[in-house]
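Per-entry structural report
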Amino acid sequence: MNRLFHRVVAAGLLALLPQFPAAALSKRLPPLVHSQQVVVVVTDTWDASQGKLQAYTRDAKGWQSHGPAFDVAIGRAGSAWGLGLTGIPANGPQKREGDGRSPAGVFAIGSAFGYAGKATTGLTYQQMQPTHYCMDVPASPQYNQIVDAREVGAGAVKGSTEPMRLDLHNKGDMRYRQGFVIAHNAFNDPGYGSCIFAHLWRQPGEATAGCTAMTAAHMRTLLAWLSDEAQPRFVLLPRAQYHEYQGPWELPELTEALR
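Digging into the overall build of the protein
The helix and strand inventory of the protein stands at five helices and 14 strands. Across the 259 residues in the protein, those meeting the buried criterion constitute 54%. Residue pairs at least 24 apart in sequence account for 65% of intrachain contacts in the protein once pairs closer than 6 positions are excluded. As displayed, the protein offers around 10900 Å² of accessible surface, 53% of which is attributable to carbon and sulfur atoms.

Here it is, written out as structure tokens:
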């Protein structure tokens, strides 16, 4: 993504393509080691398109829940292992472009974005213009990057199905009115999935093409809480996989609503 959106933290350099069993993954540096904030989404199974979100903050006693859990929608086909801050485990499906699955794993949280000129958030924020697109065309040199057609040229954004001003390109669609980048596939490997965001849902519970969707009120609360300084992370996992990797990845204890 551009410099505001493609901000891969040092931990992101640990992202690897090969598959690893749980024993090998347990020897890696825990992906939340430098973070004080984490957003956790848990689903029932790999194929579930609905989940629960719980925010956590770390204090001297460890991870503590922050606010109540709430409902979210994810990919219409469920989830699959994505390219994040851990190796890809050997069990379960793997994320591919156009598969309708949300990437599972642990990811850095990138910049916030929206239609308004500013937002109440501790994340870096950029207002989206009618000329902003996220490139979901694997053959594009700008694959998995948010670009401005005024800078890269109209030809460079040809074929993208992700205009960032959906309200102007899709009959008043407000899904991208507020959101933030989930830094999946930070090295922009072609075909492994692109343009993964947390954004508003168009209607309650409507599944996505691979993002995580929620109400406007919940998004505002998350954005106001999230801060670049806390090196926030985003975790999405089916419940069984969360329990499997909770120890090796030092993930928070699930609240009752997510168990």
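So, unusual backbone geometry
Trans peptide bonds make up most of the peptide bonds, and negative phi angles are found at most residues other than glycine. Look at lysine 171: it is not a glycine, yet its phi comes out positive at around 55°. Its location among the elements puts lysine 171 in the loop between helix H3 (166-169) and strand E11 (178-182). For lysine 171, a relative accessible area of 85% puts it in the exposed group. Positive phi values are uncommon outside glycine, yet asparagine 185 reaches one of about 55°.

Some details on the state of the cysteines
In this structure the tally under the stated criterion is one disulfide. The partner cysteine of cysteine 134 in its disulfide is cysteine 195, sulfur to sulfur 2.1 Å. Its S-S torsion of about -100° marks the bond between cysteine 134 and cysteine 195 as left-handed, since a negative value means left-handed. Highlighted residues: cysteine 134 in strand E9 (residues 132-134) and cysteine 195 in the loop between E11 and strand E12 (197-200), separated in sequence by 61 residues. For the pair shown, cysteine 134 and cysteine 195 are each scored as buried. Here cysteine 211 is not cross-linked by a disulfide; its sulfur's nearest cysteine counterpart is in cysteine 195, at 7.9 Å.

Some words on the pattern of salt bridges
On inspection of all chains with the given rule, the structure shows ten salt bridges. Salt-bridge contacts for arginine 239 lead to aspartate 44; the nearest nitrogen and oxygen are separated by 2.8 Å. Linking arginine 239 in helix H5 (residues 239-245) with aspartate 44 in the loop between strand E2 (37-43) and strand E3 (50-59), this pair joins segments that are 195 residues apart in sequence. Of the residues examined, aspartate 44 reaches a relative accessible area of 53% and is grouped as exposed. Among the ionic contacts, a cluster of salt bridges with common partners joins Asp173, Arg175, Arg202 and Glu206.

Points about the nonpolar core
Formed by 47 residues in total, the largest nonpolar core has its most connected members in Val40, Phe180, Leu222 and Phe234. When sequence neighbours within four positions are dropped, the list of residues in contact with phenylalanine 234 reads Val39, Val41, Gly105, Val106, Phe107, Ile109, Phe180, Ile182 and Thr212. Residues Phe113, Tyr115, Cys195 and Phe197 belong to the second largest nonpolar core, which totals twelve residues.

Cut-offs and rules
Residues numbered from 1 in each chain as written. Predicted model: local features only at pLDDT ≥ 70, side-chain atom pairs only at ≥ 80, totals over all residues. Heavy atoms only, no water. Helix = DSSP H or I, 4+ residues; strand = E, 2+ residues; numbered from the N terminus. Buried < 20%, exposed > 50% of the residue type's maximum accessible area, 1.4 Å probe, protein only. Contact = heavy atoms within 4.5 Å. Areas by Shrake-Rupley, 256 points an atom, 1.4 Å probe, with all protein chains shown as cover. Disulfide = S-S within 2.5 Å. Salt bridge = Lys/Arg side-chain N within 4 Å of Asp/Glu carboxyl O. Core = buried A, V, L, I, M, F, W, Y, C linked by side-chain atoms within 4.5 Å.

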